[in-house]
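The primary structure of each chain is shown beneath.
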Amino acid sequence: MGCPLCDTDGGLVVARTPRFRVVRVVDGDEARRFPAFYRLIWAEHVTEFSDLAVTDRHACMDAVTEIERVLRSLLAPTKVNLATLGNVVPHLHWHVIARFDWDSHFPAPVWAAAQRDEWPGGAAARLAQPLPSVDAAMARALATC
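In short, a report on the structure. Since the structure is predicted, the reported quantities are computational estimates derived from the model, not experimental observations. (Residues numbered from 1 in each chain as written. Predicted model: local features only at pLDDT ≥ 70, side-chain atom pairs only at ≥ 80, totals over all residues. Heavy atoms only, no water.)

## Quick word on the environment of Phe-49
Now for step 1: Considering the arrangement of structural elements, one finds Phe-49 in the loop between strand 3 (37–42) and helix 3 (54–75).
Now for step 2: For the pair Phe-49 and Ala-128, spaced 79 residues apart in sequence, the C-alpha separation works out to 33 Å.
Now for step 3: Here Phe-49 is in contact with Arg-57, Cys-60, Met-61, Leu-92 and Trp-94, once residues within four sequence places are set aside. (Helix = DSSP H or I, 4+ residues; strand = E, 2+ residues; numbered from the N terminus. Contact = heavy atoms within 4.5 Å.)

Here it is as structure tokens:
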């Protein structure tokens, strides 16, 4: 059985470098409830962050920081969640998720039970910027990583 993050892009590709790609989650409940849900996926199949060489660790965290910076700048979220779990898919990837006090799960984690009903008309309608604009800004920010 293959690795889904080696075999597929894992979402809508926003940026791709020789070391990693950044995708926006576009399918399923996560995309509907948390439209500004991005993942940085390491290109090489490694399981743990500590598997990376020191220069790669720095590049990875610099990119995660840029993703967070773009989300904060354009969407003004209440909080940005960062996580790297890999329990289900043991391929190094970071979740970078813009969270808002109006989202269905806030302040609980995105994987917890919903705290309230979803926003009528969809969460993406509440964002300060359309997602393609966020994607384009993110691609520009990551071009130097």
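## Some details on the packing of aromatic side chains
Now for step 1: One pass over the structure, following the stated rule, counts three aromatic pairs.
Now for step 2: When the centroid spacing of 4.8 Å and the interplanar angle of 15° are considered together, the rings of Phe-100 and Trp-102 count as stacked. (Phe/Tyr/Trp six-rings, centres within 6.5 Å; stacked < 30°, edge-to-face > 60°.)

## Some thoughts on the nonpolar core
Now for step 1: Judged by nonpolar contacts, the single largest core of 32 residues is most densely connected at Val-22, Tyr-38, Leu-40, Ile-67, Leu-71 and Met-138.
Now for step 2: Breaking this core down by element, the ones donating at least two residues are strand 1 (12–16), strand 2 (20–24), strand 3, helix 3, strand 5 (93–99) and helix 4 (131–142).
Now for step 3: Considering each element in turn, this core owes the most residues, seven residues, to helix 3.
Now for step 4: Sequence-distant contacts of Leu-71, that is, excluding residues within four places in its chain, are made with Ala-36, Tyr-38, Ala-76, Pro-77, Val-96, Ala-98, Val-134 and Met-138.
Now for step 5: Counting six residues, the second largest nonpolar core, distinct from the first, contains Val-25, Phe-34, Phe-37 and Val-110. (Core = buried A, V, L, I, M, F, W, Y, C linked by side-chain atoms within 4.5 Å. Buried < 20%, exposed > 50% of the residue type's maximum accessible area, 1.4 Å probe, protein only.)

Nothing here speaks to function; it is geometry throughout.
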